[in-house]
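These are the residues of each chain, in order.
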Amino acid sequence: MDKDVLGTMHVPVKPQQNFMKMSLDSSIRNGDLDDMNRLSGTPNSSISSSPHWKQTGSPSVSGQSSRGSQKILQIDLVFELQNVAERLMSRLYMLRQILDYPDIGLHQYSDSYWKAGILPDLPKLCLHIAKKFPEHPAKMQLEKVDKGGLDHLHDNAETQFTAMEPWFTVLLDLMRFREQALRTILDLSSTVITLLPHHNPLVLHAFMNLFCAFVRVHILSDKIPRKMLLQVCNLTHIMLRSGQDHDSYHRLVQFVDSYDPPMKGLHDDLNLVGPRIGEVLEAIGPTIFLGADYRKLRSEGFLSPFHPRYPEKLTNSAHPARAQELVNVECYRDWVILGYLVCPAELLRSNGMDIAMAVLKDTLVLPLFRDEYILVHEEYQLYVLPKIAESKKVAKAGRTKQRDADQEYSLAKQVERRICDVHDLATARAESVHRERRTILKQELSQMVLFFMDQPSLLAPNIQMVFSAIALARFEVVWYFVHVGVLSGKSRGARAVPVDIDVSDPTIGFLLDGIEKICGLIWKYTSAIRGYALGYLVGAAERIRSLLGSPDMVALDIDVELEKLFASVSGCLDNLPKFQNEKVATATISLSEFRKDWLSILTLVSSCRYSINIKHLEKATISTGKESIISEGNMAYLWSRSVDDIENQLSQHSSFKVLYFYRQHLTTVFRHTMFGPEGRPQHCCAWLGLATDFSANATESMLEEREKLAGDIISYAESILESIMGGFEGLINILDSEGGFGSLEYKLLPDQAANRMNHAVKYGNPLSKSMRHNSDLPLPGSESEPSNRDSVKMLEAAVQRLTSLCTMLNEMEPVCVLNHIFVPREYLREHVARNFQRRIFSIITVDGDLQRPSVFEALLHRHMHTVHLIEQHISMDLTNCLREILLTESFTGPMHYLKGPKTNENADGASVSTVCDWYIENIVKDVTGAGVLFSPLEKCFKSSKVVGNFYAEAVADISELKAFIRIFGHYGVDRFDTVLQNYLSNLLNCIAIILRSNKDSLEALATSMHDRLKRESILKHMCELEALMAFSLQLGHTLSFRSLLAEAAAEVIENNVPLLFSLLSDVAKYSPTFIPQREEIHKVNMLASQVGAISELDTAIVHSVFSRMEGSDDLTWYLLPYLYMGCMACRAWSSSTFSIHTGGFNNNMHCLARCINALMVASELARSEHKEFKRQVSQQQSDNTTFGPGKLHAEVLSSEGTALAEANIKLMMKTFVQCSATIVLSGWNENNRSPLVAKLIFLDQFCVISKYLPRSTFEDHVPYTILRSIYQLYYENAVPALVLISPSRRHSANAAPMPARSNHIDSGGDSNGGFPNFRGSAFSGLNKVSAQLRKPVLDMEASSEAQTAVKAADSSGVQLSGPLDYGSLKKVSFANKGASNGAPTMSPLQRFTMSRSGPVTYK
C-alpha cells in the first residue's frame, strides 16, 4: 500500500469523541503518560506530534494552578484511555482472527487454531492446562497427561515463548488498562457535579464513552484463550528460567480469574458507579423514547426542514433542541444496553425498565468491535436476571422491616418478567419494526433532499437537524447488516433461529443514496454553512460578553485561572469577522483554541473540588432572563465545529467504516436490490462510495492488517463496479432482446401486414370462422390492450432504469479508494465495448451455424440504437467506441492492394474471418455436398439441400453480400479476395499439372482434328479429364462468387462514396498497360476489381494469380482449347440440364464457360507481357545498359502488342468453339442424344460471355435456327422425351410459371460474368416473338403419351427445360422451303450439314 495514503489513516474513535478531543492539552502527568504510551505502543511524543494535535495546538498551561491542571490532566487521560481501548480491541480482534475464531466457552478449536503458530500444536496438553486454571502448571503432573507433548514443548520452549510473548504482552496491557481506566471512571463519577446532557454534554460523553469502552474491552477479551495463553506462556518461561515464574504471572492469574466471566468482574468493579450511571440513563430517557417512536418523529416534524403544522413556513423551530439530541441516539442506545447490563440494580429505578424496554424491544445484537457482537437478551438472562432475583429475594426478606420493601419486591418481580417478555418480543418484531423505520427515513430523506435542492439557503440553519437525520439513517443501515445471519433463540430455551432479514429490501439502497445526496449538498454549500455558523458565533460573542459583565457574574469570586479562560474564549469569538461573504466563508479560520479553552472551563467548573462550579455560573447568569453562559458556550462550541471542522463532523455522523466487515453481505444485498422490482440503479454510486469509508478501520501500529485492509477495499470496489456494469449490460441486453426493441421492430415489419393481407384474401370474409387461422397475428395496437401492456411496461421500466443509471454514472465523480482512483464512466465505456463485442459473437452464429448477414446487420443496428440512447445521457462518444470494435472485428491486416503484403501485426478480425471461412467452405467449396449452384439471372447461389440452417439462396444472394459489406466494409471484401486468390492459385496449379501431363496428347490432337478415328483415340487416352472438369467447374464457381461480391461492393460503395468509386473506375479504365506492370497501377486495378469498378472482373483476378505462378509463360498454355475440347466428352454432360429461371445448368456447367474464358484471356495476356518483357531486356542489353530485373523502365504496351494479344485470344477461343462443335456433333447419334442440347447451349453461352467473340461465331458451326427452336421450346414449356424433368424447389406446385426477365444488364460488369440478359437474346425469353412463334411446333403425329406428359407438366406448373427431342416420338418442323411432309426423313447429321450455315466436311 502507498505510504502517503496510509499516512492519512487515523485511529478510529467513537463518534462522540472527535469534537471533545480537539481541545485537550498535552501536558499529562508523567506516570500516567508513560503508562498510556506503554499500553498504546506509541512513543512519548505521539500525542503532541500527531497531525490532530498539530492542528488544535496545545499551549503551555504552566501558569495555571495545580488544582486546575489536575482536572485537565484527568479529562485528558479519559480521551487517551479511549484510544488505548481502541488499540487493545484491535489487537484482540487480530488474535481472534489468527486463531480462527475459537469457541472458548465450549473448548472447540479448529485445526487452524493449532496451526496458527502462536500456541504449541499440543491440543491434549494445552486443553488440560486451560481447564485446570487457575492451578499452577507445576502442580498439574503434566507428565501423566502428555509426556511426549511436554518433552516436545521443553525442546522448543524458546521458539514457543517467542511466538506467544507479543500476545502475552496484550494481557499485560489489558490488566494495566483495567487498573487505570477503573481509577479514572471512579474518580470522574465521584467528582463531577452534573452529567446531565443539557448542562454538561461534553464531559458526559467523555465519561460514558470511556465507560462503554471499558466494558467492551473486557467482554471482547473473553473471546480469546486468555487462560491457555497465560498458562502455556508461563510454562515455557519456567522451562527457560529454571522453574521461575513470569514476573506478572500471579497478578495476571488474579486478573483473569476475577474476569471469568467478564460480567463478574464488571459487576464488582463498577458497583460504585451504578447510581451515577442510572442518573445519566434517566436523563437521556426522553431522547431514547423519542428515538424509538418514528411515527412521532414524522408527525411532529422533528426531521422536517419546514414546520409540520404550517408547511408554508420554510423554517422549523418546533423542536430544535430535541432534534439536535437525535444525533446521539445510537450512542445513547449503547449506553442503555451496557449500563443496565453492568449495573442491573439501576433497572429498579422508577422508569429504568421503561427506558431499557424502549431499547431492548427492537435490539437483538450489540456490536462490540467491528463485526464482533454479543446477543443482548442472552446476556441479560445470564447476568441481569440473577441480580434482579437477588434483589427480589432481599426485598422479600425485608418486607417486615422496611416500609418500601413491598414496592421494591413488586418492582423487581415486574422487571424480571419484562426482561423475559422483551426477549420474545424482540425476536418476533425487531426486524419488522426496523423495516418500518427504514421506510419512514427513506421518505424523510427524499423530502429533505428535494427541499434543500430547491431551497439551498435553508440548509445552513437546519444543519444540526440534517446531521440528526443522517445519523438515524446510518444507524438503521448498520443495524440491518449487523443482524444478517444472526441466530437468536427464545427466552424459554427454544432452538435458536436466524433473524429474518430480507436481503432484497430496497430501503437500504434508498437510505445510502439519500445520505450520499445530503452529504453532497453539504459539501456543495459548505461555504454557506460556514458563513451561517460564523454569524451565529458573532452573536454568541456579544451574548457571552454581556453575561460575563452581568452583576451576578461580577459578584462571583472567580480566580485568575478561570478568568483567563473566560477572557480567552471571549477574545477568540470577538476576533471573528463581523461581515460574512464568500471570501470570509472560505478563508482559513481556526477555532480549535476556543474549543480547547471552553473544554478547560467545563473541566474546572464540573468538579466538586473547585470553588466555582456549573451551578454557580448558571445561577449567576440565568437571572438575566436569557440562556445561561454554560448553555451559550455549549452551543457556540457546537457551531464552531461547522466553521473549521465540518469535514470531521460530517464523517462522524455518516461514516460506514464498520460495514467493511460485512462487505460480503453488502455485495449480496446490492446485487439483490439494485436491479430488483423496487430497486433503483441510480443508487449504485452510494454503494460504491462506501469503499471510501473503509480505510478508517486501519490501525497504524498493525502493518499486516493495513495491507490486508487495502486489498479487501480494492476488491470490494471492483466487485461493486463489476456488479453495476453487469446490471448495466443486463439492461442493454433486455432492450436489445426480442422482447425489447425487437418486439417493436416486429410490429413495424411489412411482412406482418403482408401476412395479414394474404390471410384475409385466402379466407375471404373476415367474419367467417376460417379467420381463426389468423389469430396468431397480432392486430395493430394490440400492445396497448390491458392484457398485453405488461411487456410495454417492462420495456418502459428498462429504458427508465437505463437512462437514470447512465445519468447517475455521468454525474458521479471519480472515487478515490486508498491509492486507487475508480472512474465509473470509464468502466461504462469499457463494458459497453465488451458487451458489444460479445453481442457480435453471439449473433454472428445461430444454433452453431452462420447467421444471415442481413439479420446480423439488423441486430447490430438494434444494439447500436440502444447505445445511442445511452449516449444521450452520458457525456461520452460511445459510437466511435463501437466503430473501433467493428474495425477490430473486420481488420485482419493491411489491405492487400493498399499497403503491400500483409505483415504479422496483431490483427484478429475474428468475426470477419468466421463469416469468410463459412462462405468459402459452404458456398465456394461446398464441403457439405449441398449441391450449391450459381444462378446468373437471380444473382444468387442456390442449393438442393440445407446449408447449415438455411438454403444457399437465403445467405448467398447479392442483398446478403451487400449487408456483409455494410457491416465489415472493404476489409471484409479484402479478406474474401485474399482467401479466394489463394484458392484460385491452387486450382490453377492443378489445371496446369493436368495440362502438362497431357501435353503430348494435346499436340497430337491439334494436328489430327479432322481424322475422326485418330481424334477419338487420342481423346480416350487423355488422362484426368474428369478431374480437370471438377477443377474448372470449381474455378468458375469461385469466379462467380467473387463477381457477385464485387457487384455488391460496387453498389454499396457507389451509394456511400460515389466519388471514390468513380475515381477507381476511371483510373482503371483509362490507365495504360505497362510492361513490366507498374506496381501502383496494378494495385489500383486490382482494388477496382475488388469493388466491381471494372468490367473484366474474372480476367483481372485470374491474370493477377497467373502472373505469380511459375511457368505462366509456358507455351503449353496454347493447348488450352484442345484440353477443354476434350472435356466435351466427359460424363458430366449426360446429366446437364439448362434452366430458363436461373440462366444456367443444373450442374454448374455455365461456370465452366466462365473458367475457360478467363483462363484463355489471362494466359495469353501473361504470355504477351512476358514476351514484351524479354524484348525490353534484350533491347537494353543491346544498348549496353545494365539493369536489374526490378530496375527496368516500364513502357506502355504498344497498340500493336495489344492487338496481337487480342488476336491470339480470339484465335484460341475460335479454335475451342470450332473443335468443341466438331466433338459435339460427331459424337451425337440416335443412341446418344441427351447431352447434345446442353452442349450446344453451353457453347452458345461461351460465345455470349466472351467479349472477344461475336455471338455469330457459333452460328458458323451450328445453325441459329436450331438454337432458336431450342430456346423457343424452353420458354414454351415443351416436354422433349429426353429431358430430365424436375420441378424447381423455388416455386410451389400452385405457383404460376415465372416470366422471363428482360432487363438490360451490361455483360461486362454484372454478376453473371457475361451471361447477357438483353432483349432479343436467347436468355431473355420470347418477349418480342410473334404469336405464331409462340405456338408449339410439335408434329401433329406426336404420340398421345408425349401430349399427356405436356399437359401434366402444364397443369402442375412445373418449369421444364431441356433440348429438343429428335426421336421418333416428336418431329420438328424446320423452316425449310425444300422440305415437305412426304419427303423422307433426313438424319440429324444430314440436317445439320445441309443447314444454311454451310456444310462441314467430316472424315
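Just above sits the structure.
The rules behind the values
- Residues numbered from 1 in each chain as written.
- Predicted model: local features only at pLDDT ≥ 70, side-chain atom pairs only at ≥ 80, totals over all residues.
- Heavy atoms only, no water.
- Helix = DSSP H or I, 4+ residues; strand = E, 2+ residues; numbered from the N terminus.
- Buried < 20%, exposed > 50% of the residue type's maximum accessible area, 1.4 Å probe, protein only.
- Contact = heavy atoms within 4.5 Å.
- Areas by Shrake-Rupley, 256 points an atom, 1.4 Å probe, with all protein chains shown as cover.
- Core = buried A, V, L, I, M, F, W, Y, C linked by side-chain atoms within 4.5 Å.
- Salt bridge = Lys/Arg side-chain N within 4 Å of Asp/Glu carboxyl O.
- Axes fitted to C-alpha atoms, helices over the stretch in contact; angles between N-to-C directions.
- Parallel < 35°, antiparallel > 145°, perpendicular 65-115°, else oblique.
- Left-handed = near helix turned anticlockwise from the far one by under 90°.
- Expected span 1.5 Å × (residues − 1).
- Bend = angle between axes of the 7 residues up to and from the residue.
- Pairing = 2+ DSSP bridges.
- Phe/Tyr/Trp six-rings, centres within 6.5 Å; stacked < 30°, edge-to-face > 60°.
- Lys NZ or Arg CZ within 6 Å of the ring centre and 35° of its normal.
- Arc of directions from axis to C-beta.

1. Section: the overall build of the protein chain
A tally of helices and strands in the protein chain yields 61 helices and 14 strands. Out of the 1403 residues belonging to the protein chain, those deemed buried represent 54%. Taking contacts inside the protein chain between residues at least 6 apart in sequence as the whole, the part at least 24 apart equals 78%. In the form shown here, the protein chain has an accessible surface area of approximately 61400 Å², with 53% of it arising from carbon and sulfur atoms.

2. Observations concerning the nonpolar core
By size, the foremost hydrophobic cluster in this structure holds 405 residues, and its most contacted members are Ile-522, Leu-659, Tyr-919 and Tyr-1124. Take this core: its biggest share by element is 18 residues, from helix α46 (residues 958–997). When sequence neighbours within four positions are dropped, the list of residues in contact with Leu-659 reads Val-477, Val-478, Phe-481, Leu-666, Leu-690 and Phe-694.

3. Side note on the pattern of salt bridges
Pairing of side chains with opposite charge becomes possible as their charged atoms draw close. Using the criterion set out here, one finds 51 salt bridges in the structure. For Arg-852, the salt bridge identified is with Glu-960, shortest N-O distance 2.8 Å. Highlighted residues: Arg-852 in the loop between β8 (849–850) and α42 (853–871) and Glu-960 in helix α46, separated in sequence by 108 residues. Assessed through its relative accessible area of 28%, Arg-852 is described here as partly exposed.

4. Overview of the environment of Trp-1133
Considering the arrangement of structural elements, one finds Trp-1133 in the loop between α53 (1120–1126) and β12 (1138–1139). With sequence-adjacent residues up to four places away left out, Trp-1133 is seen in contact with Met-1029, Cys-1127, Met-1128, Met-1149, Leu-1152, Pro-1235, Ala-1238, Lys-1239 and Phe-1242.

5. What to know about the packing of helix α21 (residues 352–360) against helix α23 (residues 405–454)
For the pair α21 and α23, the least separation of the axes is 10 Å and the interaxial angle reads 15 degrees. Classed by the angle they form, the pair α21 and α23 counts as roughly parallel. At the point where α21 passes α23, the crossing takes the right-handed sense. Only Val-415, Arg-418, Ile-419, Val-422 and Ala-426 of α23 make contact with α21, whose side of the interface consists of Met-353, Asp-354, Met-357 and Leu-360.

6. Thoughts on the packing of helix α20 (residues 329–342) against α21
It is the contact of α20 with α21, at a shortest axis distance of 10 Å, that shows an interaxial angle of 120 degrees. Between α20 and α21, the interaxial angle falls into the category oblique. Read as a crossing pair, α20 and α21 show a hand that is left-handed. Where α20 abuts α21, its residues Arg-333, Val-336, Ile-337 and Tyr-340 lie against Gly-352, Ile-355, Ala-356, Ala-358 and Val-359.

7. A look at helix α22 (residues 376–397)
With 22 residues, α22 ought to run about 32 Å at 1.5 Å a step, and its terminal C-alpha atoms sit 30 Å apart, in line with that. The largest bend along α22 reaches roughly 35 degrees and is located at Val-384, with the proline Pro-386 sitting one to four residues downstream. Within α22, burial applies to Val-376, His-377, Glu-379, Tyr-380, Val-384, Leu-385, Ile-388, Ser-391 and Ala-395. Summarising the contacts, the buried residues of α22 are in contact with α15 (262–269), α20, α21, β1 (365–369), β2 (372–375) and α23.

8. Overview of the pairing of β1
Buried residues dominate β1, accounting for four of its five residues. Direction of pairing for β1 relative to β2: antiparallel, over a ladder of four bridges. Its bridge partner being in β2, Pro-367 is matched across the sheet by Tyr-373.

9. Re the packing of aromatic side chains
Overall, the coordinates contain 32 aromatic pairs when judged by the stated rule. Relative to Phe-369, the ring of Tyr-93 has its centre 6.1 Å away and its plane inclined at 75 degrees; by these criteria the two rings are edge-to-face. One end of the pair, Tyr-93, is in helix α6 (residues 66–98); the other, Phe-369, is in strand β1, and 276 residues separate them in sequence. Among the residues examined, Tyr-93 registers a relative accessible area of 2% and is labelled buried. Taking the centre distance of 4.7 Å and the plane angle of 70 degrees together, the rings of Phe-1106 and Trp-1117 count as edge-to-face. Highlighted residues: Phe-1106 in helix α52 (residues 1097–1107) and Trp-1117 in the loop between α52 and α53, separated in sequence by 11 residues. Comparing Phe-1106 with Trp-1117 shows no difference in burial state: the two are buried. Chaining the aromatic ring pairs together yields one cluster made of Phe-856, Trp-918, Tyr-919, Phe-934, Phe-941, Phe-964, Phe-968, Phe-976 and Phe-1041. It is Arg-543 that lies over the ring of Tyr-536; its NZ or CZ is 5.4 Å from the centre. Note that Arg-663 overlies the ring of Tyr-660, its terminal NZ or CZ placed 4.4 Å from the centroid.

10. Digging into unusual backbone geometry
The omega torsion of the bond from Phe-133 to Pro-134 falls at 10 degrees, within 30 degrees of zero and hence cis. Assignment of secondary structure puts Pro-134 in the loop between α8 (123–131) and α9 (142–145). A cis amide bond links Asp-260 with the next residue in sequence, Pro-261, at an omega value of 0 degrees. Relative to the elements of secondary structure, Pro-261 occurs in the loop between α14 (249–258) and α15. Positive phi is not limited to glycine here, since Asp-100 has a value of about 65 degrees. For Asp-100, the location among the structural elements is in the loop between α6 and α7 (111–115). A residue is classified by how much of its surface remains accessible, and Asp-100, at 32% relative accessible area, is partly exposed. Phi at Asp-847 takes a positive value of approximately 55 degrees, unusual for a residue other than glycine.

11. Considerations on the pairing of β2
Residues Glu-372 and Ile-374 point to one face of β2 and are all buried, whereas Tyr-373 and Leu-375, pointing to the other face, are not buried. Following β1, the chain reverses through two residues before pairing antiparallel with β2; Arg-370 in that reversal takes a positive phi of roughly 55 degrees.

12. Regarding helix α48 (residues 1012–1021)
Within the span of α48, buried status applies to Arg-1015, Ile-1018 and Leu-1019. Taken end-on, α48 shows its buried residues confined to a sector of 100 degrees, consistent with a single buried face. Of the exposed residues in α48, those oriented more than 90 degrees away from the buried face are Leu-1013, Lys-1020 and His-1021.

13. With respect to the environment of Glu-431
Tracing the backbone shows Glu-431 in helix α23. On the basis of relative accessible area, Glu-431 is assigned to the buried category, the value being 8%. On a C-alpha basis, the gap between Glu-431 and Trp-479 in space is 9.5 Å, while along the polypeptide they are 48 residues apart. Discounting chain neighbours no more than four positions away, the residues touching Glu-431 are Arg-438, Trp-479, Asp-500, Ile-501 and Asp-502.

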